[in-house]
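# Architecture and fold: a report
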Amino acid sequence: MKGKTILFVTSYPINEEPVIRNRLIPYIEQALEYGSHVTLLSTDSIESQYLIDKGVQHILVKDEKRKPSGMISR
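Here's a quick rundown of the structure. Per-chain numbering applies: the sequence of each chain, read as written, is numbered from 1 onward. Where totals are concerned, whole chains, interfaces and linings use all residues; where local detail is concerned, this predicted model gives features only for residues with pLDDT of at least 70, and gives and counts side-chain atom pairs only at 80 or more. Side-chain numbers here rest on the full set of heavy atoms in the structure, without hydrogens or water.

On to the pairing of strand E3 (residues 57–60), then. Note on pairing: DSSP must find at least two bridges between two strands before they are called paired. Secondary structure follows DSSP: runs of H or I at least 4 residues long count as helices, runs of E at least 2 residues long count as strands, and numbering of each begins at the N terminus. Two elements, strand E2 (residues 37–42) and E3, share four bridges in a ladder whose sense is parallel. Of the residues in E3, the one forming a bridge with Thr39 is Gln57. Throughout, right-handed denotes a crossover for which the path from the first strand over the helix to the second runs clockwise when the strands point away from the viewer. Following the chain from E2 across helix H2 (residues 49–54) to the adjacent parallel E3, one finds a crossover that is right-handed.

Below, the discussion takes up the nonpolar core. Generally speaking, soluble globular proteins have nonpolar side chains that are buried together. Definition of nonpolar core: a set of buried residues of the types Ala, Val, Leu, Ile, Met, Phe, Trp, Tyr and Cys, connected through side-chain atoms within 4.5 Å. Buried means the residue's accessible area, taken with a 1.4 Å probe over protein chains only, is under 20% of the maximum for its type, while exposed means over 50%, and partly exposed covers the values in between. By size, the foremost hydrophobic cluster in this structure holds eleven residues: Phe8, Ile14, Ile20, Leu24, Ile25, Ile28, Ala31, Val38, Leu40, Leu51 and Val56. Counting residues per element, the ones that place at least two in this core are helix H1 (18–33) and E2. At five residues, the largest contribution of residues to this core is made by H1. Ignoring any residue separated from it by four or fewer positions in sequence, one finds Leu24 in contact with Phe8, Thr10, Ile14 and Leu40. Contact criterion: two residues are considered in contact whenever any of their non-hydrogen atoms come within 4.5 Å of each other.

The residue Ser42 is located in strand E2 in this model. Owing to a relative accessible area of 1%, Ser42 belongs among the buried residues under this scheme. We define a polar contact as two N or O atoms separated by no more than 3.5 Å, with the added condition that, inside protein, one atom must be a possible hydrogen donor and the other a possible acceptor, whereas residues neighbouring each other in sequence contribute only through side-chain atom pairs. Reaching out from Ser42, the side chain makes a polar contact with the side chain of Asp44 at a distance of 2.5 Å. With sequence-adjacent residues up to four places away left out, Ser42 is seen in contact with Thr10, Tyr12, Ile14, His58, Ile59, Leu60 and Val61.

Mapped onto the secondary structure, Ile28 falls in helix H1. Every residue in contact with Ile28, bar those within four places of it in the chain, is listed here: Phe8, Val38, Leu51 and Val56.

Between its terminal C-alpha atoms H1 stretches 22 Å, which fits the 22 Å expected from 16 residues at 1.5 Å a residue. Note that the bend at a residue is defined as the angle between axes fitted to the seven residues ending at it and the seven residues starting at it. Helix geometry: H1 is bent most strongly at Leu24, by close to 30°, with proline Pro26 lying one to four residues after it. Among the residues of H1, Ile20, Leu24, Ile25, Ile28 and Ala31 are the ones counted as buried. In this structure, the buried side of H1 is in contact with strand E1 (5–9), E2 and H2. Take the residue count of a helix, subtract one, and multiply by 1.5 Å to get its expected span.

Another aspect to go through is the sheet that holds E1. Spatial ordering of the open sheet is given by E1-E2-E3, a layout of three strands whose pairing is parallel. The open sheet has two free edges, formed respectively by E1 and E3, since each of these has just one partner strand. Each strand of the sheet is rotated relative to its neighbour by a mean of 20°, with strand direction disregarded. Pairing of E1 with E2, which is carried by five bridges, proceeds in the parallel orientation. Counterpart to Thr5 in the pairing with E2 is His37. Every axis corresponds to a line fitted to the C-alpha atoms, with the helix fit spanning only the stretch in contact, and the corresponding angles, defined between N-to-C directions, vary from 0 to 180 degrees.

Below you can see the structure in the form of structure tokens.
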């Protein structure tokens, strides 16, 4: 039986935001354990090597409006 395909979508970069990574990774790992094909769509600038090693397709969406040039990050 072919596994289901699950698409996770986040407007935050999983590589740069530990909170997002810590919340999504357990769901992704659980879906993989059940034999599902997992795709993650995020606003990262580079693919997550961890996800690629797990067999997850990581689609990058460039989001120019995410961080204005005058914004200070703490």
